[in-house]
Amino acid sequence: MAFIRQNDRVKERFSLLLLDLEEHYFEQHTAYNLTIRGTEANRRTSGSLKICSKSVIFEPDGTPGPVLKIPLKDCRGIEAVEENESNLFIESKPACILIETKLVYLIKEGNVVAPYKYERGERKFIFQLDESRKTEDVVQILLQLHRATCLDKLGDQTAMIAAILQSRLARTSFDKNSFENVFERPHMECEAEMVSPLVTNAGHVCITDLNLYFQPMNGYPDAVVRIGLHSVRWIYKRRHGLRPLGLEVFCTENDLCSDIYLKFYNTKDRDELYYYIATFLENHMTEHTAESYMLQWQRGHISNYQYLLHLNNLADRSVNDLSQYPVFPWVISDYSSAQLDLLNPATFRDLSKPIGALNTERLERLLERYRDMPEPRFMYGSHYSSPGYVLFYLVRVAPEHMLCLQNGRFDHADRMFNSVGETWKNCLEGGTDFKELIPEFYGNDGSFLKNLQHLDLGRRQGGGTVENVELPPWSSDADEFLQKMRSALESQYVSEHLHEWIDLIFGFKQRGSEAVAAHNVFHPLTYEGGVDCDSIEDPDQKIAMLTQILEFGQTPRQLFTTPHPQRITPRFNNLSATPSLSSSDFSPVSPSMESFEDLTEESKKMAWSNMNKLTLQSCHKLHKEVVTDIAVTLSGDFIFSTSQDSTLKMFSKDGALQRSTSFSNMALSSCLILPEDKIVVCSSWDNNVYFYSVAYGRRQDTLMGHDDAVSHICWRDDRLYTASWDSTVKIWECVAAEISNNKRTPFDLVAEFEHESGVNTLDLSPAGTLLATGTKEGTLTVWDITSPLPLNQLTCHSGKIHQVAFSPDSRHILSVGEDSCLAVTDVQTGMLISTVHTEEEQRCMCWDGSTVLSGGLSGELSVLNLLSSKVIHKIPAHSGAVSCMWMNEQCSTVITGGEDKQIILWKPQY
């Protein structure tokens with residue numbers, strides 16, 4: 001289970017779960033229970049006396065007797081007394097602690113987890129401490145805590161207990177004798193609380209140059225918790241109790257359970273510790289964003305399960321916080337068929353709707369109430385995730401958590417998690433049940449579906465006892481059930497529609513008008529920022545509000561504000577066709593699982609996998625100014641280059657100059673070769689486009705089409721695309737064959753795209769249906785070439801965009817700008833999904849969708865992995881900025897031009 005781990009202390013009956021919610025465990029003492037009850041005189045039971053902020057707990061040693069819990073608010077008297085002289089076990093008369101109470105809880109009798117028993121009526125308990133000299137001190141702290149619990153107002157009680165806790169923490173400090181190494185250098189020390197489900201444990205945090213330590217004030221469950229900084233994989237800032245006080249540390253990459261979750265008393269301490277660890281680990285860990293994970297998920301590098309875990313993590317969901325437990329969707333709607341058909345869309349739940357909107361009749365009733373409700377209005381009176389819902393699913397493996405949450409009781413037997421099908425039906429039809437699932441339904445451990453502890457969970461109205469969860473007919477046991485749930489989550493249908501559910505839970509339909517339109521509106525208190533607890537002055541109202549928020553459930557942090565793009569599915573195996581999936585379902589897609597690719601695709605993969613092994617083949621200096629563009633004939637025998645020196649050069653691979661021509665005294669900005677290698681097209685800063693005949697060695701034609709410099713050109717299917725600093729992009733109809741045959745060709749303007757500023761670059765999608773343009777002001781625009789209106793527009797750079805390029809699958813656009821950023825934009829939604837900040841400005845690039853080869857201001861070539869947002873290799877190239885780059889279709893040859901006037905030919909080494 002996510003937070004249920006094997007406990008080495010199986011013989012211990014005490015745990016922090018025996019405390020009330022928000023109660024603190026201060027200290028323990030070896031003691032004897034000398035209570036005289038009925039005819040059982042002089043009973044002397046050894047054990048451990050626990051002093052807690054709201055109760056006294058006595059855990060007997062090695063006897064079947066129950067753990068005693070005495071609530072301080074029900075105590076009539078607490079004092080130090082001398083034991084009765086008639087007690088034969090006591091030779092002298094040491095002081096004892098007498099507690100008079102009207103209520104005592106009897107817990108885990110015979111070490112069996114069961115609902116708490118309690119006895120009401122006047123009772124006296126006498127406890128003798130093993131160290132009698134501490135008796136008076138313990139009595140004083142108990143009297144102080146008793147006064148706190150008896151205050152009339154809950155806010156005053158909480159404030160006084162918090163003051164007592166802080167006073168105790170202030171009188172102690174971290175014991176540096178606990179350091180693993182005597183040479184460790186401490187960086188900071190502060191007070192904090194270690195958080196686990198439903199409980200917190202106060203103590204001291206210390207971080208050194210080697211380790212992170214937590215030392216519980218009470219020494220429970222260990223004297224010190226140590227985490228080596230070298231082993232930390234991820235750290236996350238957390239909201240705890242709606243305040244930015246939490247920090248969670250993971251040492252295992254694919255584990256739901258963190259190694260420690262700390263709650264600090266102020267944000268400053270939390271942030272200092274976070275940034276120290278982050279700085280210390282900057283070379284060992286990568287801070288991923290929702291956008292970078294989205295890119296990995298879209299391209300199949302992580303599974304649906306892994307992606308949902310990452311989103312939950314980023315949205316402050318943690319298995320240590322039951323009010324913010326990871327939330328997963330119901331994806332199957334068929335729990336009655338004998339066979340589960342994952343190829344049938346009817347098998348699946350509509351992921352575009354929240355649970356509450358799946359049943360139209362129920363939704364209409366909810367909307368009717370919503371329309372008549374005063375502000376602030378909400379559609380659903382309960383949430384899709386809360387501590388009660390989490391433990392509803394996990395009660396068989398976390399019974400003590402359920403008892404803690406529900407004051408020592410289990411829920412009524414008929415309301416428990418008895419059947420998967422019944423639970424789904426109630427989520428569809430119930431008036432207040434809108435719960436989603438938890439990760440365990442898609443994991444590998446089915447113990448939460450079985451009553452392996454033989455718990456007495458009650459008897460149903462039909463007479464049967466609550467035992468194992470009833471599974472759908474299409475699964476024979478828990479293992480098969482989970483395996484088919486995993487198969488469903490990774491199926492083609494869910495992969496194609498999961499983005500719709502993400503929009504509801506983590507995305508743009510989570511709040512605002514889009515949430516209203518999607519029937520996805522919950523109580524205002526569930527949303528981040530819905531209430532500012534610090535602004536509430538009345539302490540009672542503040543405590544009540546916080547308790548309501550934590551118990552009701554919280555909406556995840558919003559991660560996306562624009563529609564989430566769909567997953568790229570055609571290249572993936574249909575997982576629904578493989579019913580024997582195992583835990584390996586969640587590993588990245590391997591090449592053997594991808595659809596067949598021809599040798600060209602294989603050669604591209606090979607080239608890109610070796611792009612960090614580029615080796616220089618030859619270097620040529622043919623121009624007098626910066627090289628602006630490069631084009632190569634289909635055979636690869638001849639290379640054309642343009643320059644700001646206004647010349648077009650033609651030369652062979654060995655650098656032998658074949659042609660040199662100039663069309664005007666203005667710089668040439670770009671060039672391309674028409675099909676059949678007969679015509680070279682050049683754009684110029686003199687507002688013109690020139691057509692050069694290779695066969696005749698002369699200018700063939702001139703297109704005067706713009707009012708300012710022509711910055712970039714593209715060609716596709718007898719159409720020329722020209723970008724200009726006059727803020728337009730124009731499409732011209734012209735037949736390549738006629739130009740090549742030395743015929744005078746009319747240039748017909750078929751489309752014109754207006755921009756707000758000068759257009760610096762453009763690119764056509766591989767299919768030739770979409771156009772991307774980048775301006776001097778940093779705006780990227782995506783156009784359908786059949787429409788004058790932009791599909792999407794995004795200011796993704798703070799300065800000039802040097803180059804834009806579609807990915808091979810046309811799903812994304814990469815842009816580089818003078819702000820030293822590489823930005824990846826989703827074509828479908830126009831959303832910026834990833835930004836990589838580089839050490840220097842990148843001027844040009846090529847990419848395969850995930851790996852980038854770029855040329856920078858210093859003249860270096862950089863190989864970047866967009867999935868990790870890291871530069872993985874640098875190659876010295878030019879002595880000035882790399883100004884242009886060309887790569888052949890097989891990606892096996894690279895040619896770069898620079899401000900140093902050099903042209904360099906490169907090849908990857910396999």
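All values derive from a computational prediction rather than experimental measurement.

This paragraph deals with the overall build of the chain. When helices and strands are tallied, the chain shows 15 helices and 42 strands. For the chain, buried positions account for 57% of its 910 residues. When contacts within the chain are restricted to residue pairs at least 6 apart in sequence, long-range pairs at least 24 apart make up 57% of them. Taken as a whole, the chain presents about 38,500 Å² of accessible surface, with 48% of it coming from carbon and sulfur. When the 85 positive and 121 negative side-chain charges of the chain are each reduced to one mean point, those points stand 2 Å apart.

As a general point, the strands of a sheet are linked pairwise by backbone hydrogen bonds and lie either parallel or antiparallel. Sheet architecture is open: four strands sit in the order S16-S17-S18-S19, paired in antiparallel fashion. Either end of the sheet is taken by a strand with one partner, and the two such strands are strand S16 (627–632) and strand S19 (657–662). Each strand axis lies, on average, 15° off the axis of its neighbour in the sheet, ignoring direction. Here strand S17 (residues 638–643) runs beside strand S18 (residues 647–652); their pairing, made up of five bridges, is antiparallel. Bridged to Phe 640 within S18 is Met 650.

Bringing a negative patch on the surface into the picture now. On the surface, a cluster of negative charge is made up of Asp 707, Asp 708, Glu 752 and Glu 754. Locating Glu 754 in the fold gives a position in strand S27 (residues 748–754).

In this model helix H2 (residues 154–170) runs 24 Å from its N-terminal to its C-terminal C-alpha over 17 residues, within 8% of the 24 Å that 1.5 Å per residue would give. Taken residue by residue, H2 has Gly 155, Gln 157, Ile 161, Ile 164, Leu 165, Arg 168 and Leu 169 as its buried positions. Contacts from the buried residues of H2 go to strand S1 (25–33), helix H1 (135–149), strand S8 (186–196), strand S9 (199–208) and helix H13 (539–552).

Of all six residues in strand S20 (residues 668–673), six are buried, a share of seventy percent or more. As paired elements, S20 and strand S21 (residues 679–684) share five bridges and run antiparallel to each other. Opposite Ile 673, over in S21, you have Val 680 as the bridge partner. Where S20 folds back on S21, the antiparallel hairpin that results is connected by five residues, among which Glu 676 adopts a positive phi of roughly 80°.

This brings us to the environment of Leu 498. Its location among the elements puts Leu 498 in helix H11 (residues 492–505). By relative accessible area, Leu 498 is classed as buried at 0%. With 146 residues separating them along the chain, Leu 498 and Ser 352 place their C-alpha atoms 8.3 Å apart. The contacts of Leu 498, once residues within four sequence positions are left out, are Trp 297, Asn 304, Leu 308, Pro 329 and Leu 351.

The subject of this paragraph is the side chain of Ser 807. With respect to the helices, strands and loops of the structure, Ser 807 is situated in the loop between strand S32 (801–806) and strand S33 (812–817). Residues within four places of Ser 807 in sequence aside, it is in contact with Pro 766, His 812, Trp 847 and Gly 849.

On inspection of all chains with the given rule, the structure shows 35 salt bridges. With its nearest N and O atoms 3.0 Å apart, the salt bridge here joins Glu 841 to Arg 843. A residue is classified by how much of its surface remains accessible, and Glu 841, at 13% relative accessible area, is buried. Classification of Arg 843 as partly exposed rests on a relative accessible area of 21%. We note a salt bridge from Glu 899 to Arg 843, for which the minimum N-O separation is 3.1 Å. With Glu 899 in the loop between strand S41 (894–898) and strand S42 (902–908) and Arg 843 in strand S36 (residues 842–847), this pair connects stretches of sequence that are 56 residues apart.

Averaged over the chain, the pLDDT score is 89; the fraction of residues at 70 or greater is 92%. Here residues 6–10 is a poorly scored stretch, pLDDT under 50, and it has three contacts once near neighbours within four places are set aside; other chains count. Confidence drops under pLDDT 50 across residues 571–598; counting only partners more than four residues distant or on other chains, this segment forms 49 contacts.

Moving on to the packing of helix H5 (residues 304–314) against H11. Packed helix pairs are specified by the crossing angle of their axes together with the interaxial distance, meaning the distance between the axes. Packing of H5 against H11 brings their axes to within 11 Å, and their N-to-C directions diverge by 15°. On the basis of the axis angle, H5 is roughly parallel to H11. Classified by chirality, the crossing of H11 by H5 is right-handed. Where H5 abuts H11, its residues Asn 304, Tyr 307, Leu 308 and Leu 311 lie against Val 494, Ser 495, Leu 498, Trp 501 and Ile 502.

Another aspect to go through is the packing of helix H4 (residues 290–298) against H5. Contact pair H4 / H5: the axes reach a minimum separation of 10 Å and the direction vectors enclose 175°. For the element pair H4 / H5, the angle class is roughly antiparallel. Of the residues in H5, those touching H4 at Ala 290, Tyr 293, Met 294 and Trp 297 are Asn 304, Tyr 307, His 310, Leu 311 and Leu 314. Here the contact of H4 with H5 is composed, by residue class, of seven nonpolar, two polar and no charged.

Going through the model one piece at a time under the given rule, you end up with 37 aromatic pairs. Ring centres 6.2 Å apart and planes at 5° place the aromatic pair Phe 125 and Phe 127 in the stacked group. Centre to centre, the rings of Phe 691 and Phe 747 are 5.0 Å apart; their planes meet at 25°, and the pair counts as stacked. Separated by 56 residues along the polypeptide, Phe 691 in strand S22 (residues 688–693) and Phe 747 in the loop between helix H15 (736–740) and S27 bring together distant segments of the chain. Using a relative accessible area of 0% as the deciding quantity, one classes Phe 691 as buried. Given the relative accessible area of 17%, Phe 747 is considered buried. Here the basic side chain of Lys 50 rests over the ring of Phe 14, its NZ or CZ set 4.6 Å away from the ring centre. Lying across the ring of Trp 725, Lys 776 places its NZ or CZ 3.8 Å from the centre.

Conventions and cut-offs
- Residues numbered from 1 in each chain as written.
- Predicted model: local features only at pLDDT ≥ 70, side-chain atom pairs only at ≥ 80, totals over all residues.
- Heavy atoms only, no water.
- Helix = DSSP H or I, 4+ residues; strand = E, 2+ residues; numbered from the N terminus.
- Buried < 20%, exposed > 50% of the residue type's maximum accessible area, 1.4 Å probe, protein only.
- Contact = heavy atoms within 4.5 Å.
- Areas by Shrake-Rupley, 256 points an atom, 1.4 Å probe, with all protein chains shown as cover.
- Lys, Arg positive; Asp, Glu negative; His and termini not counted.
- Charge placed at Lys NZ, Arg CZ, Asp CG, Glu CD.
- Pairing = 2+ DSSP bridges.
- Axes fitted to C-alpha atoms, helices over the stretch in contact; angles between N-to-C directions.
- Patch = residues over 30% accessible without salt bridge, like charges linked within 9 Å, V, L, I, M, F, W, Y side chains within 5 Å.
- Salt bridge = Lys/Arg side-chain N within 4 Å of Asp/Glu carboxyl O.
- Expected span 1.5 Å × (residues − 1).
- pLDDT = per-residue confidence, 0-100.
- Parallel < 35°, antiparallel > 145°, perpendicular 65-115°, else oblique.
- Left-handed = near helix turned anticlockwise from the far one by under 90°.
- Nonpolar A, V, L, I, M, F, W, Y, C, P; charged D, E, K, R; others polar.
- Phe/Tyr/Trp six-rings, centres within 6.5 Å; stacked < 30°, edge-to-face > 60°.
- Lys NZ or Arg CZ within 6 Å of the ring centre and 35° of its normal.

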